Structure formats: structure tokens, C-alpha cells
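Each chain, written out:
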Amino acid sequence: MTSRERLKKALDFQETDSVPFDLGATTVSGITRIAYENAMQERGIVPLFENMNELDPIQQIVQPVEQNLIRLGVDTVRVGAPRLAGPEVKLPQLQNGAYVLEDQFGCEWKYAPGSDYYYNLSSSPLLASDTIESGLKSYRFPCVDEAWDEISPLLKSQFTRKGDFGVIADRNSAGITEVAFRIRGYEKFFMDLALDPDGAMALMEQILQYKLDYWTHFEAFVEVNNVKDEIMVAVECDDLGTQDSLLCSPEMIRTMIMPMQEKLVRHIKSLFPDIRVMYHSDGAIFDLIPDFIEMGVDILNPVQFSAQGMDLKRLKSEFGKEIVFWGGGIDTQDTLPHGTPQQVADEVKRNIDILAPGGGFVFSAVHNVQADVPPENFWAMWDALKNH
């Protein structure tokens, strides 16, 4: 069975010869540079990867080169815009021992090698504004048109890969509320959602339009280049959960945020009627899963089973015939970085036994494999997946 066939069967809720494996097909199911280099060197594999700036330097994740994806038995591959794209981007510059960059939204990020694993948000462009309305008067949103000359050549190179992968079309930015939090500042935007809902909606609507424009451009590109039929999944996101609860009230999510998410999902499906849409949200989101299904989401990621109410058996029992679980393979908060190799292997086997029966499961870690993961634990995960 080829990777593409294997993935299609899993997405169709059919059991496969082996569980499909994703490592790097999205910017939330990948591996950081340090973890990748350490793991590959552990088994004598040259840790080659594509240009980090063409993927996501902020998270410090990498896309393994095609030959290593094949060697690892990965069934998926990413196509999509880099996280940083457009004339507004200011690439990393070393300042006082830390690298500083500015993304297309005007958010500043800092990374200090040796003390940080990745970039951290350090400045928000609308933080000092009294209101979102006053801040938006002088704030200029990035434009997909202006970034497309930078994105298009990268997409062309991504579609030249020869391996038989399931092709995953990834988003161009973080989620609608995630970007709003970064532009406005977390505390301020939480207050805006409650005290200035019109301003919060105005900001999110512009972010939504940025995403709609991206998918419209993306569809035109794949149509012109005759590669539209290669795409199997499109990925969008918005983190709506914390470890123990939803990010804000269910009513606020359902009345202010989800209508925008549904518009985005429906737009993607209107452009790509034959693909599945993956939605990424960390945290305790069990109560929102019926809403995701209703708005057209086909795949849930990352299946953070360590969060409140996210028991895998319960998820599989209640939603296992309606939504595909992409993730949930191994806990990246505790077990993968801090467990023994045996504990890692045992958890992988247990989770496969729960999620794989009946199909509807693609294996990946719960979010990216982080820099503090010991190489022996990466291989314990991999060995258990391939041998179980």
C-alpha cells in the first residue's frame, strides 16, 4: 500500500496495513531543529532539512528533506506558505545576545540561543492603543497579493518532490484569535472580547480576510500548475482551549469566533470540494467537537489527551465515526521529553490500540517534537509505531 493510499483509507474510516505517520506535514505536527538533529545523529542519519526560513523559524521547526522522510516512513508532506512572508517581514538580527525578528503583522519576536528553545513574542503593534478602533486607524494589515511573489516559487519547489506522499496544504499564519492576541497583546485582547466586542470582531474580521485571500490565491496557483488533484487535506487552526478549560466562555466562542471559523472552512471547501479540512486546537475542547463537525471540519488535531476531559477512549467512542483524529500518538508535555523509552513505547502502543481500530486515525505526536526530547525517546516512539 502506498502512502497516499494508506492516508486515504484512514481518512475514509478504514483500517490500513499500518497506521499513517505524519512528521512535518503541518507547522503543528513537526519536529524542532535540535530534536531532529539529535535524533538523526543517534542512528547515523545525516540530519538534512529544508531551509528553516521557508517553514517556521519562530517555532524553530524543520522540514526533513525528502530522502529522510522516506527513510523514516513518513506518509505525508507539507505544501504551503512560510510563516514569515511579505515585504513587512524583518528577518532575524542579533541584538544584545538575542535574535530579533518582526513578522508580517508587525509583531516582534526574540530568541536567545542557550536559554530559549524558540522565539517568544516580545512586542505587539496595537498594545499601546487605547482601543482597537483607534489602533486600526494607523495599522496596516499585510496583503497576500504583495507576498505572493515570495510564496509562489516556494510552492513550485514543494510540488517537485517525487515521493508518494499524501500532500497536505498548510495555512499561511496562526489562527484568527491567535493572531489577534499577538497584534493586540494577550491581556488587552481578552479584555476587548468582553468589553469591546465590536473592536475585537473588527480585528478578527481583517485576519479572516487575510486567510480567505491566501486560500483563494493557493487554489488559483494549484489550478494553473495542474497540481490540485494532489492535495488531500487543507489545514487551519485556532487554539481555543487551555489545559483545564476553554480559552473563554462557550457562548463567546460560539457567537464571536466560530462563525468566522465556519466561513473559513466553507471557503476552503468551496475551492477544494474533494479534500478534507483539518482543524488544529490544543487543550480541553471536548465540548466544541460537535461544533467543529457541524461547521465542516473533517479532522481534529492535535488530540491533546492530557487536557481536561480529552480521554482518548471517550473521544473515540463518541466521535470516532464522525471526525478523524490526527495526533494523540504521544504526549509531548511529559512522556516524550521526560519519560523512559519504555514508557514512551507503552504509551504509543496504548494510544494506537485505542485510536486505530476502524480507521480514522493518523499518528503524530501531540504538537511538535520539542528540543528537549531525548533522541532515544524519539526512536522509542518511532520503533513502537512501526513495530506495533
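Up top is the structure these notes are about.
Presented here is a report on the structure given in the accompanying data block. Note that this is a predicted model, so its numbers are computed, not measured. (Residues numbered from 1 in each chain as written. Predicted model: local features only at pLDDT ≥ 70, side-chain atom pairs only at ≥ 80, totals over all residues. Heavy atoms only, no water.)

Regarding the overall build of the protein chain
Summing up its helical and strand segments, the protein chain has 14 helices and 13 strands in all. Against the compact-globule benchmark of 21 Å for 388 residues, the protein chain has a radius of gyration of 20 Å, which places it among compact chains. Counting only C-alpha atoms, the protein chain reaches 60 × 45 × 45 Å along its principal axes. Among the 388 residues that make up the protein chain, the fraction classed as buried is 59%. Contacts in the protein chain between residues at least 24 apart in sequence constitute 73% of all its contacts with a sequence separation of at least 6. About 15,800 Å² of surface is accessible on the protein chain, with carbon and sulfur atoms providing 48% of the total. Mean positive and mean negative side-chain charge positions of the protein chain (34 and 59 charges, respectively) differ by 3 Å. (Helix = DSSP H or I, 4+ residues; strand = E, 2+ residues; numbered from the N terminus. Rg over C-alpha atoms; globule rule 2.2 N^0.38 Å. Buried < 20%, exposed > 50% of the residue type's maximum accessible area, 1.4 Å probe, protein only. Contact = heavy atoms within 4.5 Å. Areas by Shrake-Rupley, 256 points an atom, 1.4 Å probe, with all protein chains shown as cover. Lys, Arg positive; Asp, Glu negative; His and termini not counted. Charge placed at Lys NZ, Arg CZ, Asp CG, Glu CD.)

Quick notes on the pattern of salt bridges
Applying the stated rule across the entire model yields 23 salt bridges. Linking E50 and R161 is a salt bridge whose minimum nitrogen-to-oxygen distance equals 3.2 Å. With E50 in the loop between α2 (33-42) and β2 (61-62) and R161 in the loop between α5 (144-158) and β8 (166-170), this residue pair connects regions lying 111 residues apart in the sequence. As a salt-bridge pair, K269 and D298 come within 2.9 Å of each other at their nearest N and O atoms. In this pair, K269 sits in helix α9 (residues 250-271) while D298 sits in the loop between α10 (289-294) and β11 (299-301), placing the two residues 29 residues apart along the sequence. The network of salt bridges with common partners includes R6, D17 and D75. (Salt bridge = Lys/Arg side-chain N within 4 Å of Asp/Glu carboxyl O.)

Things to note about helix α8 (residues 197-224)
Over its 28 residues, α8 runs 40 Å from end to end, which matches the ideal 40 Å to within 8%, given 1.5 Å per residue. Directly beyond the C-terminal end of α8, a positive phi value near 60 degrees is found at N226. (Expected span 1.5 Å × (residues − 1).)

Describing the environment of E178
Topologically, E178 is positioned in helix α6 (residues 176-184). According to the relative accessible area criterion, E178 is buried, its value standing at 13%. Residues E178 and D239 lie 61 residues apart in sequence; the distance between their C-alpha atoms is 6.9 Å. In this structure, E178 is in contact with C237, D238 and D239, ignoring residues within four places of it in sequence.

Comments concerning the packing of α8 against α9
Each packed pair of helices is defined by two parameters, the angle between the axes and the distance between the axes. Relative orientation of the contacting elements α8 and α9 amounts to 10 degrees, with a least axis distance of 10 Å. With respect to each other, α8 and α9 are oriented roughly parallel. Where α8 approaches α9, its residues P197, A200, M201, M204, E205, L208, K211, L212, W215, T216 and E219 are matched on the opposing element by M256, I257, M260, K263, L264, H267, I268 and L271. Partitioned by chemical class, the residues of the contact of α8 with α9 number 13 nonpolar, two polar and four charged. (Axes fitted to C-alpha atoms, helices over the stretch in contact; angles between N-to-C directions. Parallel < 35°, antiparallel > 145°, perpendicular 65-115°, else oblique. Nonpolar A, V, L, I, M, F, W, Y, C, P; charged D, E, K, R; others polar.)

Re the sheet that holds strand β13 (residues 361-362)
Spatial strand order, β3-β8-β9-β10-β11-β12-β13: seven strands in an open sheet with parallel pairing. What marks the edges here is a single partner per strand, and that holds for β3 (76-80) and β13. By the bridge criterion, five bridges tie β3 to β8 in an arrangement that is parallel. Among the inter-strand pairings, V77 is bridged to a residue of β8, identified as V167. Its contacts with the sheet place α8 against β3, β8 and β9 (231-237), and it is angled at close to 165 degrees to β9. (Pairing = 2+ DSSP bridges.)

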